[in-house]
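One-letter residues, chain by chain:
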Amino acid sequence: MSIRRLPEKLVNRIAAGEVVERPAAALKELVENAIDSGATRISVRIAEGGIARLEVEDDGCGMTPAEMALALERHATSKLPGDAIEDVTTLGFRGEALPSIASVARMTLESRIARGDGWRRVVDNGALAGEGPAALATGTRVVVEDLFARVPARRKFLRSARSEYASCLDGVKRLAMARPDIGFTVEHDGRRVLDVQGGQDRLARVAALTSRELADNSIGVDLDRGEVHLGGVISLPTYNRGIADHQYLFVNGRPVKDRLLVGALRGAYADLLARDRHPVVALFLDLPTGEVDVNVHPAKTEVRFRDPQLVRGMIVGGLRRALDEHGFRSVQRPAEAALAAWRQEPVASMPHPAMEQPMTGFLFGHRTEPAVHLFGADVPPPAEDVARVYDRVTPFAGPAAPIAGRAEVAEAPPPAAGAHPLGIARGQIAKTYIVAEAEDGLVIVDQHAAHERLVLETLRRGMAGQGVASQGLLLPEVVELDEPACDRLEAASPQLAALGVELERFGPAAVMVRATPAMLGTIDCRKLVTDIADDLAGYDAALGLSEKLELVAATMACHGSVRAGRTLAVAEMNALLRQMEVAPHSGQCNHGRPTWVKLAMDDVEKLFGRK
């Protein structure tokens, strides 16, 4: 077969395959053009997920009729004034978007410059279908209809309208997040689904596009290293999601999906979240154009850094520093549904069976009649429609009944609650939760989660060089494992010794454990070593040994924590609270769950109808 030059129409369709994979890709190119035009307001209208119709309207600088004709030719752009493609600062610059989209759809391009007349140009699947005057305000309007209608091989691979719409909306959100100074509206099938005003600050825009709760559960990031700046908003570890759909990364204002950045983000939250939980983040990385190549992908969604390790280290270090400074914070306020559950008291439709039985016990005395003796007067029970307390009365079961709560005699006056952020311990519930009184509310602490975090921070200090005290075993324990697992443990043995775990090789398929961390107390050595071996093998191969050991430390901390179900003395409770107040990241456990929640005094008063 001889070599031939492809016709222009086929060339445009091939280019469209690189740039326009689906409606969301076409919409991204059109919105980027609107942003680069200097618009302050961009309106997007979508029909049937963008397959039937896409419309983008802006109030930017607009184009003259001659510029409109040129914009529909390949490799024509106003965004690259010179020949230095590495110095590009705009979003779109390849000059392929409009002609590529017009080659696989019906495109109507309308534009008007300031103090000029509007003009319309219609291109139907690569052929000029008409042009003439148009009535519109200063700016540009682009309408794309019947995408891939004449390319059935591409059309049949599109997803459902609902799926394509979700992808379109996500793309607009990412661009809107990068430019809080621009207002965006999105309508789908005539229904407005997004409306954000221009001139917002970064946190307000990110919260508006993700969740309103993020504003109260986020941390600001601001770090400079030479000419590189890292800024943005990250969520507290206790504010997380089951999928990574709320992670937004921007390089020089351009939304990107880069494995290096995603890996750095995972490393920053390594010991703060469970493996199946993901933080909510919006990170903005600004660096000189010569340090990043944004032209490695036709859709410009991937980038390549000149010094990737600098970027990764900056992200991990910047996020860890921000999290360290706010480690005591947690998602403090209970969910509204949890508060509502306190208020829901069903009204009894008939007397409770317990009310028909004699009431015994030290609280009410022994009476056979239904009247209650209060302050020396007999008071009849309330009517059925207001019987909210009485319908919960249960007969006293005698001395064998389990005690729901306990208290200790105070040998000395308890300290003032206002002197400590987490207050003073007042008791323990279900041998799992510590109840403390703070100056501004009621604090409930998960004792296992809190102690797990404290143990982990101690282990991390040991890894940093302070060392962890070890406790030698009277009889060293031999743990049998497969040979690769033993190889990994042997290679990491010097670092494990800093964590208090002393082991040595004992044949090809076993290791001998001579000491364990003293703080863990009596533990199952076999299970601990097996879990460490699994962690060393299971984590991402791209992680260094030090990063893997950070995750191993989290596993060790879980083995030695105060378990739920253990009764604590009040002194032990207060000691735990005081350690939490000074330990980093004490607001969440190693899996991202909160270690404590606070019921504000205002909420308590609302529960009792005082406010």
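All figures in this text were calculated on a predicted structure; none of them were measured in a lab. Just so you know, the residues in each chain are numbered from 1, in the order the chain's sequence is written. Confidence filtering applies because this is a predicted model: local features only for residues at pLDDT of at least 70, side-chain atom pairs given and counted only at 80 or more, and all residues used for totals across whole chains, interfaces and linings. Excluding hydrogens and water, the side-chain values take into account all heavy atoms of the structure.

Asks: Got a sec to walk through the packing of helix 8 (residues 259–268) against helix 9 (residues 308–325)? Specific residues and values, please.
Replies: Geometry of a packed helix pair, given as the angle between the helix axes and the separation of the axes. Two elements in contact, helix 8 and helix 9, have axes separated by 9 Å at closest approach and are oriented at 30°. Of the two possible hands of crossing, helix 8 and helix 9 adopt the one that is right-handed. Contacts between helix 8 and helix 9 involve Leu260, Leu261, Gly263, Ala264, Leu265 and Ala268 from the former and Pro308, Val311, Arg312, Ile315, Val316, Leu319, Arg320 and Leu323 from the latter. Helix axes use the C-alpha atoms of the stretch in contact, all axes being lines fitted to C-alpha atoms, and the angles between their N-to-C directions lie in the range 0 to 180 degrees. The secondary structure listing takes helices from DSSP runs of H or I that are at least 4 residues long and strands from runs of E that are at least 2 residues long, numbered from the N terminus. In this scheme, a crossing is called left-handed if the near helix is turned counterclockwise away from the far one by less than a right angle; it is called right-handed if the turn is clockwise. Contacts between residues were defined by any pair of non-hydrogen atoms, one from each residue, lying within 4.5 Å.

Asks: Which residues make up the packing of helix 6 (residues 161–178) against helix 7 (residues 202–209), and what are the values?
Replies: With their axes 9 Å apart at the nearest point, helix 6 and helix 7 run at an angle of 165° to one another. Overall, the two elements helix 6 and helix 7 adopt an arrangement that is roughly antiparallel. At the point where helix 6 passes helix 7, the crossing takes the right-handed sense. Between helix 6, through Lys173, Ala176 and Met177, and helix 7, the contact on the second element is made entirely by Arg205, Val206 and Leu209. Of the residues in the contact of helix 6 with helix 7, the class split is four nonpolar, no polar and two charged. The scheme is simple: roughly parallel for angles under 35 degrees, roughly antiparallel for over 145, roughly perpendicular for 65 to 115, oblique for anything else. Under the scheme applied here, ten amino acids are nonpolar (Ala, Val, Leu, Ile, Met, Phe, Trp, Tyr, Cys and Pro), four are charged (Asp, Glu, Lys and Arg), and all others, including Gly, are polar.

Asks: Tell me what's going on with the sheet that holds strand 26 (residues 596–600), and back it up with residues and numbers.
Replies: The four strands are arranged 20-21-22-26 in an open sheet whose pairing can be described as antiparallel. Where the open sheet ends on each side, the last strands, each with one partner, are strand 20 (424–429) and strand 26. Averaged over neighbouring strand pairs, the angle between their axes works out to 25° when direction is ignored. Pairs of strands are assigned from DSSP output, requiring at least two bridges between the strands. In the sheet, strand 22 (residues 441–446) pairs with strand 26 via five bridges, with the strands oriented antiparallel. For Val443, the partnering residue across the bridge sits in strand 26 and is Lys598.

Just geometry here; none of it tells us what the structure is for.
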